[in-house]
Amino acid sequence: MPKQNSAARRTSIAGLLTATSLVLALSGCASYDVTAPADARAEAPAAEGKAKDARLAAAGDAKHQNGAKSGRKTADAGGDEVDCRKAKCVALTFDAGPSENTNRLLDILKRERVHATFFMLGKNHIDKRPAEVKRIDAEGHELANHTWSHQILTDIEPETAWREISRVQDAVRKITGKSPRLMRPPQGRTDKNVSKISKELGVAQVLWSVTAKDYETNDSALITKRVLEQTERDGIILLHDIYRGTVPAVPGILKELKKRGYTVVTVSQLLSPAKPQPGMVYRP
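This is a predicted model, so every value here is computed, not measured. Counting starts from 1 at the beginning of each chain's written sequence and moves along it residue by residue. Reporting in this predicted model follows two pLDDT cut-offs: at least 70 for local features of residues, and 80 or more for side-chain atom pairs to be given and counted; totals over whole chains, interfaces and linings ignore these cut-offs and use all residues. The basis for every side-chain value is the complete set of heavy atoms in the structure, and neither hydrogens nor water enter the calculation.

A short note on the side chain of H115
Next up, step 1: Of note, H115 is situated in the loop between helix 4 (102-112) and strand 3 (117-120).
Next up, step 2: By the criterion applied in these results, polar contacts are pairs of N or O atoms within 3.5 Å in which, for protein atoms, one can donate a hydrogen and the other can accept it, and in which residues neighboring in sequence qualify only through two side-chain atoms. Of the polar contacts made by the side chain of H115, one reaches the backbone oxygen of E139; its length is 3.0 Å.
Next up, step 3: Of note is the side chain of H115, whose polar atom sits 3.3 Å from the backbone oxygen of G140. Secondary structure elements follow DSSP: runs of H or I no shorter than four residues count as helices, runs of E no shorter than two count as strands, and numbering proceeds from the N terminus.

Structure follows, in structure tokens:
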């Protein structure tokens, strides 16, 4: 009997070690750096936090003065000065555009006074719709990189992966004069080589916690339901402005998120006072 118990214990321990190894492999903890938005904020240098506090105080004074002059309350434009250390924030992101739907989406975001992060594709998107790229930037949204042609970066040679990211950097800079600081790897697939390339090109990697799987359905009500069921504080919502059902879902999503007390922000606002670190993977 003791021998059987000992054998059972050995089997149990072996199974536990195998499961632990699998979890580590899937999480990628051993191959690249990952952090959550809340952890990034908490670990931000004290000087960055004090600088943001000073900006918030100055913005508050300016709003008070403007409100007094006009006799009415003033509101934040797009939540630019929101402090996600205190506010209940969620980041709104759109992948794979710009597309024929992007201007309609921008109209909605402007009306709702919300800013989002746009992870844009190069081929047949940035190169075909520079006017939309300019408008995204001009209206205060965050420009971000989703590679040139949506190749899976972990499945291709490092030189090809470099070009997939760098071509978007170059194209956006040519149109707007700015280089994206964020990159979302297609399908969220990354590894130590992609992280190394990202660091060299000056982009942080951004994954997500909420997906409507809007590539599967044009049902706007279902898209809305999926987003609202998954959203929690400090989450990152993934949508695609290239699909027919997505943009019509946005007003309802924003209305309900605000009703639930969320402040909708860009990814960089979610991380602030921390600054996106090139190569780092940010995942709620």
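Quick word on the state of the cysteines
Next up, step 1: For the purposes of this analysis, a disulfide is any pair of cysteine sulfur atoms at a distance within 2.5 Å. Under the definition given, this model contains one disulfide.
Next up, step 2: Between C84 and C89 runs a disulfide, and the two sulfur atoms are separated by 2.2 Å. Across the disulfide from C84 to C89, rotation about the S-S bond amounts to roughly -90°, and the bridge is consequently left-handed. The residues C84 and C89 share a single accessibility class, namely buried. Burial classification: accessible surface area is computed with a 1.4 Å probe over protein chains only, and a residue below 20% of its type maximum counts as buried, one above 50% as exposed, and the rest as partly exposed.

Some words on the confidence of the model for the protein
Next up, step 1: Predicted confidence across the protein gives a mean pLDDT of 85, with 77% of residues reaching 70 or more.
Next up, step 2: Throughout residues 60-79 the model reports pLDDT below 50, and contacts reaching past four residues in sequence, or to other chains, amount to 16 contacts. Summary of the metric used: pLDDT quantifies the predictor's per-residue confidence within the range 0 to 100. Residues count as neighbours in contact if any of their non-hydrogen atoms are within 4.5 Å of one another.

Digging into unusual backbone geometry
Next up, step 1: Residue P98 is bonded to the preceding G97 through a cis peptide linkage, with omega at -5°.
Next up, step 2: Relative to the helices and strands, P98 resides in the loop between strand 2 (89-95) and helix 4.
Next up, step 3: In this structure, the amide linkage connecting S272 to the following residue, P273, adopts the cis form with an omega of 15°.
Next up, step 4: Among the structural elements, P273 can be located in the loop between helix 11 (267-271) and strand 10 (281-282).
Next up, step 5: Unlike most non-glycine residues, H150 shows phi in positive territory, near 60°.
Next up, step 6: Among the secondary structure elements, H150 is positioned in the loop between strand 4 (142-145) and helix 7 (158-176).

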